[in-house]
Amino acid sequence: MFKNNVGGADKIIRIVVGLVLLSLIFIGPKTLWGLIGIIPLATGLMGTCPLYSIFGISSCPASKDQA
C-alpha cells in the first residue's frame, strides 16, 4: 500500500520514542499527551512515514539496482 521509507535505525528510534511517550499515560505526569506516541510507534512498526513521502525523504538504504 505505502512504499517503505523508514530505515532500520530510524524504525528502532521511532518505536522506542513511541513507547516512552505512551508510558507517560501510566507513569510520570499521567497525561493524555502521551497518546502522541502512537504516531512514531505506528510509523516505526509500519516502516512508512507520510511526512517522509510528502517531502521525498527516505532513511532506507539504497538498493543496488537504484544506484
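Note that the coordinates shown come from a computational prediction; the quantities given were computed from them, not determined experimentally. (Residues numbered from 1 in each chain as written. Predicted model: local features only at pLDDT ≥ 70, side-chain atom pairs only at ≥ 80, totals over all residues. Heavy atoms only, no water.)

Engineer: Describe the overall build of the chain, and please don't skip the residues or the numbers.
Structural biologist: Within the chain one finds three helices and zero strands. The C-alpha radius of gyration computed for the chain amounts to 14 Å, which surpasses the reference 11 Å derived for 67 residues by more than 25%, pointing to a less compact arrangement than a globule. Out of the 67 residues in the chain, the part that is buried amounts to 25%. Long-range pairs, those at least 24 residues apart, make up 61% of the contacts in the chain between residues at least 6 apart in sequence. (Helix = DSSP H or I, 4+ residues; strand = E, 2+ residues; numbered from the N terminus. Rg over C-alpha atoms; globule rule 2.2 N^0.38 Å. Buried < 20%, exposed > 50% of the residue type's maximum accessible area, 1.4 Å probe, protein only. Contact = heavy atoms within 4.5 Å.)

Engineer: How would you explain the pattern of salt bridges if you had to name every residue and give the values?
Structural biologist: For the coordinates displayed, the defined rule picks out one salt bridge. Arg14 is the partner of Asp10 in a salt bridge, and the nearest nitrogen-oxygen pair spans 3.1 Å. Separated by four residues within a single helix, Asp10 and Arg14 lie in helix α1 (residues 8-23), roughly one turn from each other. Grouping residues by exposure puts Asp10 and Arg14 together as buried. (Salt bridge = Lys/Arg side-chain N within 4 Å of Asp/Glu carboxyl O.)

Engineer: Can you break down the packing of aromatic side chains residue by residue, with the values?
Structural biologist: For the structure shown, the criterion picks out zero aromatic pairs. Over the aromatic face of Tyr52 sits the side chain of Arg14, whose NZ or CZ is 4.9 Å from the ring centroid. (Phe/Tyr/Trp six-rings, centres within 6.5 Å; stacked < 30°, edge-to-face > 60°. Lys NZ or Arg CZ within 6 Å of the ring centre and 35° of its normal.)

Engineer: Run through the side chain of Asn5, naming residues and quoting values.
Structural biologist: Summarising the element assignment, Asn5 is placed in the segment before α1. A distance of 3.1 Å separates a polar atom in the side chain of Asn5 from a polar atom in the side chain of Ser53. Other than its neighbours up to four places away in sequence, Asn5 contacts Gly47, Thr48, Cys49, Tyr52, Ser53, Ile57, Ser58, Ser59 and Cys60. (Polar contact = N/O pair within 3.5 Å; in protein donor to acceptor, adjacent residues only side chain to side chain.)

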